[in-house]
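# Examining the three-dimensional arrangement
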Amino acid sequence: MDSMMMGAMRSNMMSMPDMAMMDMSVMQACMDACSACEQACTVCSTQMMDCSPACMNCADMCNTMMRSMMRMQGMTPASMMAMLDACIAMCQTCMDECMQHADSSEVCKMCAQACQACMDACMTVKNMMMAAA
């Protein structure tokens, strides 16, 4: 199934200028990180701590980023970069909020780690896009 999905995504990606050189495994890793972050943020938001609003927003942003990466039609490199920047910024906000509770909450600690992994994955895609341009 993964190879079928990656093939379909590669076809979709060809509709974006300068995207033919993108490494699909890096794109898949980013989508996986977005999915994991969405899940961690959703769990963390149920704790009803000060970080809950940031967690809910981050979960939504990660879901949007992941879904946008699955359907590239209509995207441009500039819009993709803007999406990546927005996801990185929201993950940073959520991570900062959760780190305030990380010493007393394993869930917040896990959420902050998922946010960091998502930011790293988004930066890798962004760097790959800049190198391909």
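Everything here concerns the structure above.
Attention here is on the structure that accompanies the text.

Cut-offs and rules
- Residues numbered from 1 in each chain as written.
- Predicted model: local features only at pLDDT ≥ 70, side-chain atom pairs only at ≥ 80, totals over all residues.
- Heavy atoms only, no water.
- Helix = DSSP H or I, 4+ residues; strand = E, 2+ residues; numbered from the N terminus.
- Buried < 20%, exposed > 50% of the residue type's maximum accessible area, 1.4 Å probe, protein only.
- Contact = heavy atoms within 4.5 Å.
- Salt bridge = Lys/Arg side-chain N within 4 Å of Asp/Glu carboxyl O.
- Expected span 1.5 Å × (residues − 1).
- Axes fitted to C-alpha atoms, helices over the stretch in contact; angles between N-to-C directions.
- Left-handed = near helix turned anticlockwise from the far one by under 90°.
- Nonpolar A, V, L, I, M, F, W, Y, C, P; charged D, E, K, R; others polar.

### Thoughts on the overall build of the protein chain
- When its secondary structure is counted, the protein chain shows five helices and zero strands.
- Helices (α) and strands (β) of the protein chain occur, in sequence order from the N terminus, as α-α-α-α-α.
- In the protein chain, buried positions account for 47% of the 133 residues.
- The contacts in the protein chain between residues at least 6 apart in sequence include a share of 70% that link residues at least 24 apart.

### A word on the pattern of salt bridges
- Scanning the model with the defined rule gives one salt bridge in all.
- Between Asp 85 and Lys 126 there is a salt bridge whose closest N-O contact spans 2.4 Å. Within this pair, whereas Asp 85 is found in helix α4 (residues 77–99), its partner Lys 126 is found in helix α5 (residues 106–132), the two being separated by 41 residues in sequence.
- Looking at Asp 85, the relative accessible area reads 35%, which means it is partly exposed.

### Concerning α4
- Taking 1.5 Å as the rise per residue, α4 with 23 residues should run 33 Å; its terminal C-alpha atoms sit 32 Å apart, in good agreement.
- Turning to α4, the residues buried within the fold contact α2 (24–45), α3 (52–70) and α5.

### Structural notes on the side chain of Ser 45
- Turning to its location among the elements, Ser 45 is positioned in helix α2.
- Not counting residues within four places of it along the chain, the set of residues in contact with Ser 45 comprises Ser 52, Cys 55 and Met 56.

### Overview of the packing of α2 against α4
- Where α2 contacts α4, the two axes come as close as 12 Å, and the packing angle between them is 35°. Where α2 crosses over α4, the handedness of that crossing is left-handed. In contact with Met 27, Cys 34, Cys 37, Cys 41 and Cys 44 of α2, α4 contributes Met 80, Cys 87, Cys 91, Cys 94 and Cys 98.
- Partitioned by chemical class, the residues of the contact of α2 with α4 number 10 nonpolar, no polar and no charged.

### Concerning unusual backbone geometry
- Even without a glycine there, the phi angle at Met 48 is positive, about 60°.
- Overall, Met 48 belongs to the exposed group, its relative accessible area being 70%.

### Describing α3
- Here α3 contains 19 residues, and its C-alpha end-to-end distance of 27 Å stays within 8% of the 27 Å for a straight helix at 1.5 Å per residue.
- Those residues of α3 that sit buried are Ser 52, Ala 54, Cys 55, Cys 58, Ala 59, Met 61, Cys 62, Met 65, Met 66, Ser 68 and Met 69.

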